[in-house]
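A closer look at the structure
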Amino acid sequence: GVILASLALLVTVNALSTSSVAHAAYGCSGSLIDTYNVKTSSGVVYGRIRLYYSSASGGTNCAVMVSTTAGGYGVGGTYLSVHLRRCAQTAPGSTCTVTAEDREAWYFTYYAGPVWVTSAAGRCVWVTGTVFYKDKEGFGTSSPRASHCG
């Protein structure tokens, strides 16, 4: 009984640690609140934008853009970008009046980011991501443009 209970606890702790490590690997803290596909015009998913939220610093949003195998994941020299903006708006909609922003774009092997905006509690955010791979572009954006306004 004791050995089995200890083994179950070890497996549970290990599963939690693995999940935390996966999120920490991208450099964002807080909870994953959404993902957005970064797709080519023909619908091939080249990457995924991962959006996180933490209550730290008056509300902090963090984003990374992780490429997929189709979008060159693991292939050096793939152009990746992620752009996160805090909006003046407090309700979801098609308009975002940018009050703060952070972006990263370069030739990466796995992902772009993390990028952050703080003082986001009660404000909407707008996030976009791009992948250029094998002469094709993948693009993704939050929808509606101003979203996650909590």
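Residues numbered from 1 in each chain as written. Predicted model: local features only at pLDDT ≥ 70, side-chain atom pairs only at ≥ 80, totals over all residues. Heavy atoms only, no water.

1. A short note on the overall build of the protein chain
Here is the rule: Runs of E in the DSSP output that reach at least two residues are strands. Runs of H or I that reach at least four are helices, and both are numbered from the N terminus. Only protein chains enter the area calculation, which uses a 1.4 Å probe; residues under 20% of their type maximum are buried, those over 50% are exposed, and those in between are partly exposed. Contact between two residues is taken to exist if any of their heavy atoms lie within 4.5 Å; hydrogens are not considered. Each accessible area value is a Shrake-Rupley result obtained with a 1.4 Å probe; residue values ignore everything except the protein chains displayed when judging cover.
A count of helical and extended segments in the protein chain gives one helix and eight strands. The secondary structure elements of the protein chain, listed N-terminal to C-terminal, are α-β-β-β-β-β-β-β-β. In the protein chain, which comprises 150 residues, the share counted as buried stands at 37%. Partitioning the intrachain contacts of the protein chain with sequence separation of at least 6 by distance along the chain shows that 61% fall at a separation of at least 24. About 8000 Å² of surface is accessible on the protein chain, with carbon and sulfur atoms providing 57% of the total.

2. Focus on the state of the cysteines
Under the convention used in this document: Two cysteine sulfur atoms form a disulfide, by the criterion used here, when they sit within 2.5 Å.
Applying the stated criterion to the full structure yields three disulfides. Residue Cys28 pairs covalently with Cys62 via a disulfide, S to S 2.0 Å. Measuring handedness by torsion sign, the sulfur bridge of Cys28 and Cys62 sits at about -70° and is left-handed. Of this pair, Cys28 sits in the loop between helix 1 (2-24) and strand 1 (31-39) while Cys62 sits in strand 3 (residues 60-67), and the two are 34 residues apart along the sequence. Classification of Cys62 as buried rests on a relative accessible area of 1%. At a sulfur-sulfur separation of 2.1 Å, the disulfide partner of Cys87 is Cys96. Across the S-S bond linking Cys87 and Cys96, the dihedral sits near -100°, which makes this disulfide left-handed. Pair check on accessibility: Cys87 and Cys96 agree, each one buried. What connects to what in the protein chain, once the bonded cysteines are numbered by sequence position, is 1-2, 3-4, 5-6.

3. Some details on the packing of aromatic side chains
Applied cut-off: Only Phe, Tyr and Trp rings take part, Trp by its six-membered ring, and two of them pair if their centres are within 6.5 Å. Stacked means planes under 30 degrees apart, edge-to-face means over 60, and tilted covers everything else. Either the NZ atom of lysine or the CZ atom of arginine qualifies as a charge over a ring when it sits within 6 Å of the ring centre and within 35 degrees of the ring normal.
In the structure shown here, the tally under the stated rule is six aromatic pairs. Residues Tyr26 and Tyr111 carry aromatic rings whose centres are separated by 5.1 Å and whose planes lie at 90° to one another, so their mutual orientation is edge-to-face. Of this pair, Tyr26 sits in the loop between helix 1 and strand 1 while Tyr111 sits in strand 6 (residues 111-117); the two residues are 85 residues apart in sequence, bridging distant segments of the chain. Classification of Tyr111 as partly exposed rests on a relative accessible area of 26%. Grouping aromatic residues by their ring pairs yields a cluster made of Tyr79, Trp106, Tyr107 and Phe132. When the ring centre of Trp126 is taken as origin, the NZ or CZ atom of Arg85, which lies over that ring, is 3.9 Å away. Positioned above the aromatic ring of Trp126 is the side chain of Arg145, whose terminal nitrogen or guanidinium carbon lies 4.2 Å from the ring centre.

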